[in-house]
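# An overview of the molecular structure
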There are 2 protein chains.
Amino acid sequence: MDTIEIRRRIRTGEHTGPTSGISGDKVQANLAILPKKYAFDFLLFAMRNNKPVPIIEVLEAGEYVSRYAKDSDIRTDVPLYNIYKDGELVETVDDITSYWQDDFVTFLIGCSFTFEQAILDAGINIKHIDQGRNVAMYKTNIETESAGIFHGNTVVSMRPFKKELVDQVIDITNDFPNMHGGPVHVGDPSAIGINNIDQPDYGDAIEIGEGEVPVFWACGVTPQNVVLNAKPEILISHAPGHMFITDINNEEYKK
Amino acid sequence: MDTIEIRRRIRTGEHTGPTSGISGDKVQANLAILPKKYAFDFLLFAMRNNKPVPIIEVLEAGEYVSRYAKDSDIRTDVPLYNIYKDGELVETVDDITSYWQDDFVTFLIGCSFTFEQAILDAGINIKHIDQGRNVAMYKTNIETESAGIFHGNTVVSMRPFKKELVDQVIDITNDFPNMHGGPVHVGDPSAIGINNIDQPDYGDAIEIGEGEVPVFWACGVTPQNVVLNAKPEILISHAPGHMFITDINNEEYKK
């Protein structure tokens, strides 16, 4: 199925679920929509923290068509949106047309699905995918570099791999420097402030088996977390796992 | 002489001239200072046009100390500043303290001095430097990607090289992707809208000798040109050739 058709199905409500695995080799994006008065601080935050916040595209105030997604409409083409007001989740909706403001600036942010596909293409299994779960995500003590009103710590995603595969996995993800890149930490969770690996802050827990090593990547949930700290009057993001699907090939982000 | 001492001499008026060649292997930067209300559009413009507008650092509203220049003060540490109001040059001064506003955002932008040093280090002469002139710069028909109120064409710098050296020069400058990178054009000036190579729009004319080829790079004058098109109530930039000297080694920008 081509991406135009996938977006049409999402827009019309034929597809309402998570988007993992439905777009083949096409880039999926995290979404953050903010009023323009916050846009400079956010873009500067992204520039200073490229690993957790790799910007794919910025839609200027009032724009809702992505240049990387033919005939798209950012107000309708994500399966589920979270609406946050003053830092609190107030509603989850499948269409934000009624919330739209002419001063909304939209940021499309890289997603780990891109490097996960490259890991799978190398013939390496990813445990949470095999088990049909969401990836495990944790708040850490790794500080981001603040910008304007935005500051806070990095959120990471964790995937366990057999010890002998870790170097290869690191190499594969290093090849996508603008899609979170290589891991920010390998091994002992407590070294980055994670006290209980069995209780992720977001997503689903995953067992670390005998001979497996936990590997941690900067995660696209970081900007959402950091923005909510600042309690803007409104932030719209995708609901976890419910991404915006572009027409860009994952390979275009390979260095 | 170390960079702290050079900046001190500039601050106290002991050094008032151009900065070409005075900072050894340290990065020199173009300067653009704008009120915060223009900062998002400018940063987005830079992101979309990394070749002419490679951002080294952003100083947030009211900040005047560069983190890449110890004990610096951006209000005094550039030998000469141009003050533009509503798109017109109104004054050239050696200190902008009296113009300073708490909402001023400062952008430090990469400069071709970095790749010129790498060309010289390879034992290749650069003609305008040998002749003690400023580089020749031209308006072109190469469009930038607009952002908000900022739009316009690319300004290029031109350096002639013997035909047999051109490939090497291209390779050297390609190694500095965040300092204008490789050339945007090689050869026939009319192909990029330059009708009279003997009459540059900025800087000094330079003769293209027998067996020499003109090579064109995206130039840091582009953002100044583009900002002035938009006629903001105030823009402060360095005067041409009078740059801000950082403590960063040029080599750190080599890929």
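Nothing here was measured: the structure is a model prediction, and the numbers come from that model. (Residues numbered from 1 in each chain as written. Chains lettered and ligands numbered in written order. Predicted model: local features only at pLDDT ≥ 70, side-chain atom pairs only at ≥ 80, totals over all residues. Heavy atoms only, no water.)

### What about the relation of the copies chain B and chain A?
Inclusion rule: Alignment of copies: least-squares fit on C-alpha atoms of residues with pLDDT of at least 70 in both copies. Whether two residues touch is decided by their heavy atoms; if any such pair falls within 4.5 Å, the residues are in contact.
Here chain B sits on chain A after a turn of 180° about the axis and a move of 0.0 Å along it, with an RMSD of 0.0 Å. On this basis, the relationship between the two copies can be described by a two-fold rotation axis. Nearest to the rotation axis, the C-alpha of Phe40(B) is located 2.1 Å from it, this being the minimum over chain B. With an isologous cut-off of 70% or more, the 100% of interface residues of chain B that recur at the interface of chain A puts this contact in the isologous class.

### Describing the packing of aromatic side chains
Put simply, the rule is: Two aromatic rings from Phe, Tyr or Trp, using only the six-membered ring of Trp, form a pair when their centres are within 6.5 Å; if the ring planes differ by under 30 degrees the pair is stacked, by over 60 it is edge-to-face, and anything between is tilted. The helix and strand labels rest on DSSP assignments: H or I over at least four residues marks a helix, E over at least two residues marks a strand, and numbering proceeds from the N terminus. Relative accessibility decides the category of a residue: with a 1.4 Å probe and only protein chains considered, values under 20% of the type maximum give buried, values over 50% give exposed, and everything between is partly exposed. Counting as a charge over the ring demands two things of the Lys NZ or Arg CZ atom: a distance within 6 Å of the ring centre and an angle within 35 degrees of the ring normal.
A full pass over the atoms with the stated rule returns 16 aromatic pairs over all chains. Measuring from centroid to centroid gives 6.5 Å for Phe40(A) and Phe107(B), while their planes differ by 70°, and the two rings are edge-to-face. Of this pair, Phe40(A) sits in helix H2 (residues 39-48) while Phe107(B) sits in strand S5 (residues 104-109), placing the two residues on different chains. In this structure, Phe40(A) and Phe107(B) share a single accessibility class: buried. Following the ring pairs from residue to residue traces out a cluster consisting of Phe40(A), Phe42(B), Phe107(B) and Phe150(B). Here the basic side chain of Arg75(A) rests over the ring of Tyr64(A), its NZ or CZ set 3.5 Å away from the ring centre.

### Some thoughts on H2(A)
By the criterion of burial, H2(A) is predominantly enclosed, with 9 of the 10 residues buried. Three or more residues of H2(A) are buried, namely Ala39(A), Phe40(A), Asp41(A), Phe42(A), Leu43(A), Leu44(A), Phe45(A), Ala46(A) and Arg48(A).

### Let's talk about the domain arrangement of chain A
Residues and elements named next belong to chain A. Quick reminder of the rule: Boundaries of every domain are those given by an automatic assignment or by a domain database. By convention, the term buried area covers the 1.4 Å-probe accessible surface removed from two parts as they join, with the contributions of both added. Note on definitions: salt bridges are taken to be side-chain nitrogens of Lys or Arg within 4 Å of carboxyl oxygens of Asp or Glu. Under the rule applied, a polar contact is a pair of N or O atoms within 3.5 Å (in protein, one hydrogen donor and one hydrogen acceptor; residues adjacent in sequence only if both atoms are side-chain atoms). Residue polarity is assigned by list, with Asp, Glu, Lys and Arg as charged and Ala, Val, Leu, Ile, Met, Phe, Trp, Tyr, Cys and Pro as nonpolar; anything else, Gly included, falls into the polar class.
What the domain assignment lists for chain A is domain 1 (3-112 + 230-253) and domain 2 (113-222). Centre-to-centre, using C-alpha coordinates, domain 1 lies 22 Å away from domain 2. Listed as interface residues are 27 residues of domain 1 and, on the opposing side, 28 residues of domain 2. Summed over both sides, the interface between domain 1 and domain 2 buries roughly 2500 Å², with carbon and sulfur atoms accounting for 63% of that surface. Looking at the side of domain 1 facing domain 2, the largest losses of area belong to Lys51, Ser112 and Tyr253, adding up to 28% of the total buried there. For the pair domain 1 and domain 2, the interface holds 0 salt bridges. Our count for the domain 1 to domain 2 interface comes out at 14 residue pairs in polar contact (both at pLDDT 80 or more). Those elements giving two or more residues to the side of domain 1 that touches domain 2 turn out to be strand S1 (26-35) and H2. If one sorts the elements of the side of domain 1 that touches domain 2 by residue count, H2 sits on top with 5 residues. For the side of domain 1 that touches domain 2, the residue count by class is 14 nonpolar, 10 polar and 3 charged.

### Focus on the nonpolar core
Definition in use: Residues enter a nonpolar core if they are buried and are Ala, Val, Leu, Ile, Met, Phe, Trp, Tyr or Cys, with the set joined through side-chain atoms within 4.5 Å.
If you look at the biggest cluster of nonpolar residues, it comprises 45 residues, and the most contacted ones within it are Phe40(A), Phe42(A), Phe107(A), Phe40(B), Phe42(B), Ile55(B) and Phe107(B). Residue contacts for Phe42(B): discarding those within four places in its chain leaves Ala32(B), Leu34(B), Val53(B), Ile55(B), Phe107(B), Ile109(B), Phe150(B), Pro223(B) and Val227(B). One finds Ile74(A), Ile83(A), Ala118(A) and Tyr253(A) within the second-largest nonpolar core, a separate group that totals 37 residues.

### Some remarks on unusual backbone geometry
Residues and elements named next belong to chain B. Of note in this structure, Asp86 is not a glycine but carries a positive phi near 50°. Even without a glycine there, the phi angle at Lys231 is positive, about 50°. Relative to the helices and strands, Lys231 resides in the loop between helix H6 (221-229) and strand S10 (235-238).

### Some words on the pattern of salt bridges
All names here are of chain A. In total, this model carries 28 salt bridges over all chains according to the counting rule given. One salt bridge in this structure joins Glu5 and Arg9, with 3.0 Å as the shortest N-O distance. With Glu5 and Arg9 both in helix H1 (residues 3-12) and 4 residues apart, this pair spans about one turn of that helix. Judged by relative accessible area, Glu5 falls into the partly exposed class, the value being 22%. Under the relative-accessibility criterion, Arg9 is labelled partly exposed at 32%. Note that Lys70 is salt-bridged to Asp71, the shortest N-O span being 4.0 Å.

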